[in-house]
Structures are given as structure tokens and as C-alpha cells.
Amino acid sequence: MRVKPTPSQKSRLSKAFDRPRVALIFETSNAYAREVIQGIFAYARENTPWAFSLAEQGHSDAAPEWLKDWEGDGIIARIKNRRIAETVLASGLPAVDLSIGRHLPSLPAVGSDDLAIARLAADHFLERGFKHFAYCGFDAFMLSTRRGDAFRRTLAAAGHGCCEFETQLKPGAAVSARVAEIGEWLKTLPKPLAIFACHDLCGQHVLDACYQMGLSVPEEAAVLGVDNDEFLCEMTTPPLSSVIPNARRTGYEAARLLDRMIHGAKVPPLETWIEPLSVRLRQSTDILAVNDAQVATALRFIREHVCKPISADDVARAAHLPRRNLEKRFRRLLNRTLHDEVLSVRLNRVKQLLTETRLSLEQIAEAMNYEHPEYLSVVFKREVGTSPREYRRRHIQGHYVS
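Rules of the game
Residues numbered from 1 in each chain as written. Predicted model: local features only at pLDDT ≥ 70, side-chain atom pairs only at ≥ 80, totals over all residues. Heavy atoms only, no water. Pairing = 2+ DSSP bridges. Helix = DSSP H or I, 4+ residues; strand = E, 2+ residues; numbered from the N terminus. Axes fitted to C-alpha atoms, helices over the stretch in contact; angles between N-to-C directions. Phe/Tyr/Trp six-rings, centres within 6.5 Å; stacked < 30°, edge-to-face > 60°. Buried < 20%, exposed > 50% of the residue type's maximum accessible area, 1.4 Å probe, protein only. Lys NZ or Arg CZ within 6 Å of the ring centre and 35° of its normal.

Colleague: Where do I start with the sheet that holds strand S9 (residues 221–226) in this structure?
Modeller: By definition, the strands of a sheet pair up through backbone hydrogen bonds, in either a parallel or an antiparallel sense. Here 6 strands make up an open sheet; going across it, the order is S7-S6-S8-S9-S10-S12 and the pairing mixed. Both outer strands of the open sheet, strand S7 (163–167) and strand S12 (278–280), are each paired with one neighbouring strand and no more. The mean angle between the axes of side-by-side strands here comes to 25°, regardless of whether they run parallel or antiparallel. Pairing of strand S10 (residues 241–244) with S12 involves 3 bridges; the strand directions are antiparallel. Considered in S12, the bridge of Val243 is made with Val279.

What follows is the structure, encoded as C-alpha cells:
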């Protein structure tokens, strides 16, 4: 194992190179990884310039040969196998892990909160009134297993079951064979069906299988992915809805921890899981799965008028029903009141504006037709458990790159 530079040696190195040198060891072929990198870059721009060495990796690749003799100051790596773990450990350098595999439990780890991602996916489908659910993933990936387990548990707590389909994704294997397997599985399941895919590529496979089986999306099968890879999500037919992980904040937090370690701080080997931002709604889940046309009309009215100061009475008039009658149907079908639904949809929109825009709280209050931003703050804190300012701070750090 290489001996770490002493403080005096590190000082000489820093003067020679003028800025810390950081190696990034993870795949860059997917949107999630590229967003993580943007978060790392954002931290370096905001705090201290770094010189980066980037190694493009595959999921099962060993660490690059140059890392064995590299004279740098720190490493941020997705340590997905023992070979990378051994090389990072042998470097003797401060390092932060971006993988949930924990091949080096002595390092701090930062990643997406897969449990929160799965809960968000389940809530997305439950809010649309689905009664039948399925999960599609890859059993070789811990990420897929974690998301599937959390999705199933969330649904079980709400009184629903979940069918699961997981197979191995072998390098070089024909995608057509997997799509055919998914299609045969989908044929056996009740409809309308809500399907959560472990990531966007898997979601694309599910949509292809639906097409081959003649299943209408989203009417018979609604499909939701993860990562919000714009390229993948927009090239599918129909476009794929997707959970948006806060990948930039993940990179930002990893860089913050590494910076502390480079400067001599003792950082405990704890796991930091970053909550997702929201669901990016596209056509693949843009449906309300309730067998009641007037309740569906009410739900659609609420979503289409989310930025207006609508009341429960307004919703009842749009559905052409007495309010008391509509309230009974809401409770029976959705287990919530009209007021609860209006408030939930409005607050979800506020969360989206807080995390996906630079609008001030005053501008958001005006956009959502709240007369006073102070009142919006009170309602938000009462329902969400934190203030809008704190919610934005927790979710947006490193999300924007100037």
C-alpha cells in the first residue's frame, strides 16, 4: 500500500500544482452519472478550483491503470467491484464512494435514496387511483433490489400487492429476448396496471414490451422509470415519466466531504442518501385510473387548475355533482377528501417550483395565487414539516450550475 504524503509533502505538491488534483472513477455513459459530475464541478467552482482526472468506466471494469501511480490529492469513485476497491485503498488517498455496494466500508458514501425514490413512485401511482401494481428490474443490481423491496413495502402499507419481474442483464445479451420475456409476464397481470421500472432503460424495455403485446399506454399499463434521462425518456413511445433523483446534489455532497478530507478533517464512514426531487410527468403515466368518470373529471380539473385558487366547491361544480356526493366518492375510491387532494396537488407544484426554478418565495406565492408568501410558508411548514426555504436548501444544493 502506498504511503500517504505527509503534510509538508502535500504542501509542496499543492504549491507545485496550485490546486488539488481529484480523480473521478465512474461511468459517464448515463444521465445520472453526468449530473453527479455537474454537482462535483459546481462545488469546485463555488469553493476551490480542482484539477480533474476523469476515467470513463463500465459497470464491471477495473480501475484504470494510471490510478496505481497517480500522484493526486483525492478520489471520488463508484466502487462497484473488489478490483476498484483494492486500487482505491492502495492509493492511500482520501476517497468518497458513490456506490451502495460498500466494498470499502471504511469510506464515507453518498448516493441516491432508493427508498425515497420507491416511495415517490408508489405515491405517484396511488394518487392516480391504481389498484394493480408491478415492479420490473434486474436482480444482479443491488439498486434494483432495494427499489423493488421499498416499492413493495410502500404498497403493502397502503393495502396493495405488487407483482415483480427481475432477470439478469448479461453483457451482449439480446434486448429483444428480455423485452419478449417482459411482454409474456405483462400478459398475465390484471389491468389497468401501474409498472415501476428500476431505471429509464428498463422502462424503455417495458414500453417496448407493451407495444409488442398490444397494450395501450397509459390506459392499460402506466410505466414509470427513474433518472429522468431526457434522451431515453423522449425517444420512447409514448414518452416515459420518470423519477428525478437529485444527482447534482449527490455530486456536490461527495465533493464537500472529499474537500474536508483533503484538508485533514476526519470524516466518519457514514452513508448519506440524497432524496429525489420529484416525478417528471410524461404521457406514460398521464392518466387517472379510477372507474368513476366524474371522480376522474374532478381529479383532472384539480391538476389543470393547480395554479388557481380553486375550492372543493369549484371541483364539485366541474364534476357536475353535489359536493357531498363527490366527497363520498373521493373517500371511497381514494381514501382522502377533496380538500386534501387540492392541497396535495398545490403543494407538489410548490415543491417543483422550489427545486426546479430560481423563483423567489414571493414569486412562487404569486404564481400559485397565494395572497401572502407568509401564508404559503405557514401552510407548507404545517403540511411538509419544514419551511420552503429549508426545503429548497436541502434539495437544491448543487442542483444548478451557473
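Colleague: Mind showing me how you'd approach the packing of aromatic side chains here?
Modeller: A ring pair, where both rings are aromatic, is described by two values, the distance of the centres and the angle of the planes. Tallied over the full model, the rule gives 14 aromatic pairs. Both rings, one in Tyr43 and one in Trp50, keep their centres 6.0 Å apart while their planes meet at 50°; by these two values the pair is tilted. With a centroid separation of 5.8 Å and 80° between ring planes, the pair formed by Phe125 and Phe130 is classed as edge-to-face. Across the pair, exposure class does not vary: Phe125 and Phe130 are buried alike. Counting every residue linked through ring pairs, the aromatic cluster contains Phe41, Tyr43, Trp50, Phe52 and Tyr252. Directly above the ring of Trp273 sits Arg146, whose terminal nitrogen or CZ lies 5.4 Å from the centroid.

These figures come from the coordinates and say nothing about function on their own.
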